[in-house]
Structure formats: C-alpha cells, structure tokens
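The chain contents come next:
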Amino acid sequence: MKIYTKTGDKGQTSLIGGKRVPKYHLRIECYGTIDELNSWIGLIRDQGIDDHSITLLLEIQDRLFTIGSLLAADPDKSNPKTREKIPDLTDNDIAILEKEIDRMVDHLPELRSFILPGGNNTISFCHLARCVCRRAERLIVQLGEESLVDDKVIVYLNRLSDYLFILARWMAQQKNIAETPWSPRL
C-alpha cells in the first residue's frame, strides 16, 4: 500500500464512506485532535512507568482509534459494511476509566487547591495530554451541534481527561515529587 495517494494535494480529504471534505472541516479537526491526543498518550507510555498503567494506556489508545474511526465516518452514509468494520465504544470503556480514577484517588491525598502542572516530564506529559483531551472534547461537542456524534464519545473523553489529571497526581506520588499548589495573588 502506498503512503501517498496525492488525493489530498488540493486540500480535500475523504471521510469513511467516500465523501470529500476540506481538510479544515470540523470533523477532520476533531479526529486530528484525537490523533494528537493518542500520540501524547504514547509518549506517556514510553516514560518508564508501571506495567498496569502501560496496559491501560494501550487500551485507551485503542479506544482513541475507535473514536477517530467513528469521527472519520461520513454521518450521512449508513453503509452497513463500513459500519461493521468500526468497533463500538461501550459503557464498559467508560466504567474502566472510572474504576481506575477511583483506584488512584483512594491512595492520593485530598486535593485542597488547584495544582500547577509540572514536576517532571511524565507528569507534564500527562497534563499536556489532558489539555489536548479537553480540546478534543470541546471540538466534538461543537461537531455534535451540527452532525450526529455518539454521546459515549463525549462522555469517554470527559472521563479520560479526569483520568489523565489523576494519573499525573498518581505519577507524582509514585516518584515522590511534591505537587505545587496554586497560590493566587491577593
């Protein structure tokens, strides 16, 4: 399979189903942001973290490919053959994130103020991924106002951003790095 097709040389790309849209189309921006998020999560995974987190991050990356595929599909075409090739996002995918958040929170000190992102590269990468996740969520909510978007996609991204925040706190605890509370100027 050739990597370059030359079909996008004039600023258009195809959705799954064949519809051509401009590369700046909101749907393309949405799944491009999901792709960016997936890359940040890959970077977190490469930081020498615990095996349990690596396994979950791989699962999250798989779900992000699912979300990207759902977003890349032409909503005006319900081609059953195309749809059969895209896996579903399920309530269980959301429950897995919630369970992991709860597991980590049970071992973390109570949050009494906002904390500043940072501490080391792994923690910072978690915060960057969280920010990209929130941006993807905002874009997909916007897309949902003009086109069909599976509600589970928005819920999943909302939980994922929470998971990434808690993962940053968890990594700080695991690495014995103090969190920096935000102290607003008065």
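Residues numbered from 1 in each chain as written. Predicted model: local features only at pLDDT ≥ 70, side-chain atom pairs only at ≥ 80, totals over all residues. Heavy atoms only, no water.

Engineer: Describe the state of the cysteines, naming the residues involved and giving the relevant values.
Structural biologist: Counted according to the given criterion, the structure contains 0 disulfides. Unpaired in terms of disulfides, C126 finds its nearest cysteine sulfur in C131, a separation of 11 Å. The exposure class of C126 is buried, given its relative accessible area of 0%. With no disulfide partner, C131 has as its closest neighbouring cysteine sulfur the one in C133, 9.8 Å distant. A residue is classified by how much of its surface remains accessible, and C131, at 41% relative accessible area, is partly exposed. (Disulfide = S-S within 2.5 Å. Buried < 20%, exposed > 50% of the residue type's maximum accessible area, 1.4 Å probe, protein only.)

Engineer: Explain the pattern of salt bridges to me, using residue names and the numbers behind them.
Structural biologist: Throughout the structure, instances matching the rule amount to 10 salt bridges. Between R135 and E36 there is a salt bridge, and its shortest N-O distance comes to 3.2 Å. Here the residue R135 occupies a position in helix 5 (residues 121-144), and E36 occupies one in helix 1 (residues 26-45), the gap between them amounting to 99 residues. Judged by relative accessible area, which is 31%, E36 ranks as partly exposed. We note a salt bridge from R134 to E137, for which the minimum N-O separation is 3.1 Å. Of this pair, R134 and E137 both sit in helix 5, 3 residues apart, which is roughly one turn of that helix. Judged by its relative accessible area of 28%, R134 is partly exposed. Take E137: its relative accessible area is 11%, and that puts it in the buried class. (Salt bridge = Lys/Arg side-chain N within 4 Å of Asp/Glu carboxyl O. Helix = DSSP H or I, 4+ residues; strand = E, 2+ residues; numbered from the N terminus.)

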